[in-house]
Amino acid sequence: MQNDGKTGRYERILWQLQELLAKSSDPVARMATVAALLHHKQPAFSWTGFYLLRDGDLVVGPYQGPVACLVLLPRHTGVCWAAVDRGEPVVVPDVHVFPGHIACDPRSRSEVVVPLRDERGGIVGVLDVDSTRPAAFDEVDAAWLGRISALISGASGTSSLAG
Ligand code: SME
């Protein structure tokens, strides 16, 4: 998998987000800002957003891209639920061979999902990115997106994230 400048872009995105997110600890404002910046700065991203745990469901949060599934059903199926259930990032080079993959956008070819945690470390949802390119993501993306998702809870507390 080629890097083609994405690491440099992640570095710049992280710096910019650290500055932007300092202006509000509100989790929705932070998630919306993360989704917008990532989506517009990383050319391979075709859908960028959050799914949040709400009463045992994964319900869509702030995102950029085509209209997505409001709720990921059935539960514990697909890539987002795999990241929640395993408690770790999931990189999917080919969504067509991932068992149970939920195709909100039929053009999606590859995907990366990282858990979103509250300030106590509990999983409250995921940051999910799709690409229409095959094998667009690798462990580099998972590591940077994990770092970026950690900015949502930040230092100011986001207990309101929990559903
Ligand atoms: N493909 C995801 C569903 C969310 S969409 O990618 C926006 C999954 O299998 O969980």
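Residues numbered from 1 in each chain as written. Predicted model: local features only at pLDDT ≥ 70, side-chain atom pairs only at ≥ 80, totals over all residues. Heavy atoms only, no water.

1. Observations concerning the pattern of salt bridges
Here is step 1 of the chain: Enumeration over the complete set of coordinates arrives at six salt bridges.
Here is step 2 of the chain: Note that Lys6 is salt-bridged to Asp141, the shortest N-O span being 2.4 Å. Highlighted residues: Lys6 in helix α1 (residues 6-21) and Asp141 in helix α4 (residues 139-153), separated in sequence by 135 residues. As far as the burial class goes, Lys6 and Asp141 line up, both buried.
Here is step 3 of the chain: Where Arg120 meets Glu119, a salt bridge forms, and the shortest distance between an N and an O atom there is 3.2 Å.
Here is step 4 of the chain: By relative accessible area, which is 60% here, Arg120 ends up exposed.
Here is step 5 of the chain: Given the relative accessible area of 38%, Glu119 is considered partly exposed. (Salt bridge = Lys/Arg side-chain N within 4 Å of Asp/Glu carboxyl O. Helix = DSSP H or I, 4+ residues; strand = E, 2+ residues; numbered from the N terminus. Buried < 20%, exposed > 50% of the residue type's maximum accessible area, 1.4 Å probe, protein only.)

2. Topic: a nonpolar patch on the surface
Here is step 1 of the chain: Taken together, the side chains of Leu70, Val71 and Leu73 define a hydrophobic patch exposed on the protein surface, amounting to about 280 Å² of accessible area.
Here is step 2 of the chain: Owing to a relative accessible area of 60%, Leu70 belongs among the exposed residues under this scheme. (Patch = residues over 30% accessible without salt bridge, like charges linked within 9 Å, V, L, I, M, F, W, Y side chains within 5 Å. Areas by Shrake-Rupley, 256 points an atom, 1.4 Å probe, with all protein chains shown as cover.)

3. Overview of the packing of aromatic side chains
Here is step 1 of the chain: Taken as a whole and assessed by the stated rule, the structure comprises five aromatic pairs.
Here is step 2 of the chain: Ring centres of Tyr10 and Phe45 lie 6.5 Å apart, and the angle between their planes is 55°; this geometry places the pair in the tilted category. Residue Tyr10 is located in helix α1, and its partner Phe45 is located in the loop between α2 (27-41) and β1 (47-54); the two are separated by 35 residues in the primary sequence. Each of the two residues, Tyr10 as well as Phe45, counts as buried.
Here is step 3 of the chain: Ring geometry for Tyr10 versus Trp144: centroids 5.8 Å apart, planes at 5°, classification stacked. With Tyr10 in helix α1 and Trp144 in helix α4, this residue pair connects regions lying 134 residues apart in the sequence. Exposure class is identical for Tyr10 and Trp144. Each is buried.
Here is step 4 of the chain: Following the ring pairs from residue to residue traces out a cluster consisting of Tyr10, Phe45, Phe137 and Trp144.
Here is step 5 of the chain: The ring centre of Trp144 lies 4.4 Å from the NZ or CZ of Arg147, which sits over that ring. (Phe/Tyr/Trp six-rings, centres within 6.5 Å; stacked < 30°, edge-to-face > 60°. Lys NZ or Arg CZ within 6 Å of the ring centre and 35° of its normal.)

4. Quick word on the site of the ligand
Here is step 1 of the chain: Looking at the ligand, the residues that line it are Trp47, Tyr51, Leu72, Gly78, Val79, Cys80, His101, Ile102, Cys104, Glu111, Asp128 and Asp130.
Here is step 2 of the chain: His101 places a polar side-chain atom, nitrogen or oxygen, 3.3 Å from a nitrogen atom of the ligand.
Here is step 3 of the chain: Within the side chain of Asp128, a nitrogen or oxygen atom sits 3.3 Å from an oxygen atom of the ligand.
Here is step 4 of the chain: Against a free-state accessible area of 310 Å², the protein chains account for coverage of 99% of the ligand.
Here is step 5 of the chain: Counting atoms within 2 Å of the grid points, the majority share of the ligand lands in the largest cavity.
Here is step 6 of the chain: Secondary structure elements with two or more residues in the shell around the ligand: β1, α3 (78-86) and β5 (123-131).
Here is step 7 of the chain: The leading source of residues in the shell around the ligand is α3, at three residues.
Here is step 8 of the chain: A breakdown of the residues in the shell around the ligand according to their chemical character gives seven nonpolar, two polar and three charged. (Near = heavy atom within 4 Å. Polar contact = N/O pair within 3.5 Å; in protein donor to acceptor, adjacent residues only side chain to side chain. 1 Å grid on protein atoms, 1.4 Å probe; cavity = no way out; pocket = protein on both sides within 12 Å on 5 of 7 lines; lining within 4 Å. Sits in = over half its atoms within 2 Å of the grid points. Nonpolar A, V, L, I, M, F, W, Y, C, P; charged D, E, K, R; others polar.)

Keep in mind these numbers describe shape, not what the thing actually does.
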